[in-house]
Amino acid sequence: ADRVFDPNGTVTREEIVKMISIAVGLVDEAEIAFTDVEASSWAKPFIAKAVKAGVISGIGENQFGFGMPVTRQDIAVMLYRTIANPVDSEVAFADKDSIAEYAAKAIGTLSGMKVINGFEDNTFRPTDSCTRAQAAKIIYSYLNM
């Protein structure tokens, strides 16, 4: 609303779902049963499209995680689910033991494809909140792979 990019600001789960939905051209919507997504929310159509496409499934107990910062590993999982024929790669980051089991294949594959990268110390920092600058770079790299 303030027309500021705020590169160091964090990205919420609904914001990244909107970015991914637009980037990959999701069209069809599913009925969603997330109790934390209001029917009048600007994000509802994007969340419904991502559910229909299998990009997201929520965080459990009928919760989407609305308003929560998205983690670096969750962005990797969401994007991985949009790739038709991924060529899986092993995770090569120094902190690979801190990557959730559900995200390891996605992180390995997307880092192998040069869509995502780590930090100078060869860590991925999977549970860190993703910044707006990082999200923009990841989406840009995904669209140019």
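Residues numbered from 1 in each chain as written. Predicted model: local features only at pLDDT ≥ 70, side-chain atom pairs only at ≥ 80, totals over all residues. Heavy atoms only, no water.

(A) Examining the overall build of the chain more closely. Along its length, the chain carries five helices and zero strands. Tracing the chain from N to C terminus, the helices and strands come up as α-α-α-α-α. Relative to its length of 145 residues, the chain is compact, with a C-alpha radius of gyration of 15 Å against a globular reference of 15 Å. Dimensions of the chain, computed from C-alpha atoms along their principal axes, come out at roughly 45 × 35 × 30 Å. Sorting the 145 residues of the chain into buried and exposed places 41% on the buried side. (Helix = DSSP H or I, 4+ residues; strand = E, 2+ residues; numbered from the N terminus. Rg over C-alpha atoms; globule rule 2.2 N^0.38 Å. Buried < 20%, exposed > 50% of the residue type's maximum accessible area, 1.4 Å probe, protein only.)

(B) Geometry of the packing of aromatic side chains. By the definition in use, this model includes two aromatic pairs. Centroid distance Phe34 to Phe64: 5.7 Å. Interplanar angle 50°. Geometry classified as tilted. On the criterion of sequence distance, the pair formed by Phe34 in the loop between helix H1 (13–24) and helix H2 (44–52) and Phe64 in the loop between H2 and helix H3 (72–80) is long-range, its members being 30 residues apart. For Phe34, a relative accessible area of 11% translates into the label buried. Between Phe93 and Phe124 the ring centres are 5.2 Å apart and the planes differ by 35°, which places this aromatic pair in the tilted class. You can see Phe93 sitting in the loop between H3 and helix H4 (101–112) and its partner Phe124 sitting in the loop between H4 and helix H5 (132–143), a full 31 residues away along the chain. Residue Phe93 is classed as buried on the basis of its relative accessible area, which comes to 9%. With relative accessibility at 1%, the residue Phe124 sits in the buried group. Lying across the ring of Phe64, Arg13 places its NZ or CZ 5.0 Å from the centre. When the ring centre of Phe119 is taken as origin, the NZ or CZ atom of Arg125, which lies over that ring, is 3.8 Å away. (Phe/Tyr/Trp six-rings, centres within 6.5 Å; stacked < 30°, edge-to-face > 60°. Lys NZ or Arg CZ within 6 Å of the ring centre and 35° of its normal.)

(C) Seen up close, the packing of H1 against H3. It is the contact of H1 with H3, at a shortest axis distance of 11 Å, that shows an interaxial angle of 30°. With respect to each other, H1 and H3 are oriented roughly parallel. Along this stretch, H1 crosses H3, giving a crossing that reads as right-handed. Where H1 approaches H3, its residues Arg13, Ile16, Val17 and Ile20 are matched on the opposing element by Asp74, Ile75, Met78 and Leu79. For the contact of H1 with H3, the residue count by class is six nonpolar, no polar and two charged. (Axes fitted to C-alpha atoms, helices over the stretch in contact; angles between N-to-C directions. Parallel < 35°, antiparallel > 145°, perpendicular 65-115°, else oblique. Left-handed = near helix turned anticlockwise from the far one by under 90°. Contact = heavy atoms within 4.5 Å. Nonpolar A, V, L, I, M, F, W, Y, C, P; charged D, E, K, R; others polar.)

(D) Region of the structure containing the side chain of Thr12. Considering the arrangement of structural elements, one finds Thr12 in the segment before H1. Note on Thr12: relative accessible area 15%, which makes it buried. A distance of 3.2 Å separates a polar atom in the side chain of Thr12 from a polar atom in the side chain of Glu14. Setting aside its immediate chain neighbours within four residues, Thr12 contacts Gly67, Met68, Pro69 and Val70. (Polar contact = N/O pair within 3.5 Å; in protein donor to acceptor, adjacent residues only side chain to side chain.)

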